[in-house]
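Topology and contacts: notes
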Amino acid sequence: MRKILFVCTCALFLTAGFNVKAEGVVDKVFLYVPNRVIDLFDVFSLNIGVGPTVRLDLRATRAFQFGGGIGATAKAIKAYNRQYGGALEDGWNWEFTCVGAEDTERTATSRWVKEYWEHYEGFCSPEQRIYDFWEGARDYWALGFSVGAGLVEVDFYLHPIDIVDFFTSCLFIDIKGDDLTFESFE
């Protein structure tokens, strides 16, 4: 009797339009593991640059940072909002708690790296387009450091929002809306 009831229920869902919504469920199930791996890699940024540089930045968000630096580097980039590739970075910055100044430019980027020019004096505002939650080139809330001396520079940052996105996505709640679907491959 249970089998007959199950078959009838499935037939009802298939004829009542459930198949349209099932595509999203199928995407989530079949792409669950790849999406979790990608979300895990979103948790951090690691950029390695070569060029004349002197830099030491410690950051617990852009609102609370210490340090400064100057330099021009060619970087291999694995950065915020799934930026992978290379770029040239040139500029200077200094920060002390919530005040600072910066004039930095990222140019000659590869396909999946965003170009930007960041210039501010005083307080760095999260309302700037460069810090956009979904499309921004930089994470305002990042925690980490940049260090450079001589010809090598390394940036390492953790992204708290992506950490939360990773854990909630394990429960099928994608707060950043960045999970892959079958349409992503078309």
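Residues numbered from 1 in each chain as written. Predicted model: local features only at pLDDT ≥ 70, side-chain atom pairs only at ≥ 80, totals over all residues. Heavy atoms only, no water.

Let us look at the nonpolar core. One finds Tyr116, Tyr120, Cys124, Ile130, Tyr131, Ala137 and Tyr140 forming the largest nonpolar core, which totals seven residues. Not counting residues within four places of it along the chain, the set of residues in contact with Tyr120 comprises Gln65, Glu95, Gly100, Ala101 and Glu102. (Core = buried A, V, L, I, M, F, W, Y, C linked by side-chain atoms within 4.5 Å. Buried < 20%, exposed > 50% of the residue type's maximum accessible area, 1.4 Å probe, protein only. Contact = heavy atoms within 4.5 Å.)

Glancing now at the packing of helix α3 (residues 32-42) against helix α4 (residues 160-169). With their axes 8 Å apart at the nearest point, α3 and α4 run at an angle of 160° to one another. Viewed along their axes, α3 and α4 adopt a mutual orientation that is roughly antiparallel. Crossing angle aside, the handedness with which α3 passes α4 is left-handed. Across from Tyr32, Arg36, Asp39, Leu40 and Asp42 in α3, the residues of α4 making contact are Asp162, Asp165, Phe166 and Ser169. Classifying every residue of the contact of α3 with α4 gives three nonpolar, one polar and five charged. (Axes fitted to C-alpha atoms, helices over the stretch in contact; angles between N-to-C directions. Helix = DSSP H or I, 4+ residues; strand = E, 2+ residues; numbered from the N terminus. Parallel < 35°, antiparallel > 145°, perpendicular 65-115°, else oblique. Left-handed = near helix turned anticlockwise from the far one by under 90°. Nonpolar A, V, L, I, M, F, W, Y, C, P; charged D, E, K, R; others polar.)

Turning our eyes to something else, we now look at the pairing of strand β3 (residues 83-97). One ladder, built from 15 bridges, connects strand β2 (residues 65-79) with β3; its direction is antiparallel. When the bridges of β3 are listed, Ala76 appears paired with Gly86. In this sheet, strand β4 (residues 99-107) lies alongside β3 in antiparallel orientation, the contact comprising nine bridges. Each bridged residue has a counterpart across the sheet, and for Asn93 the counterpart in β4 is Glu102. Hairpin connection of β3 to β4: one residue between the antiparallel strands. (Pairing = 2+ DSSP bridges.)

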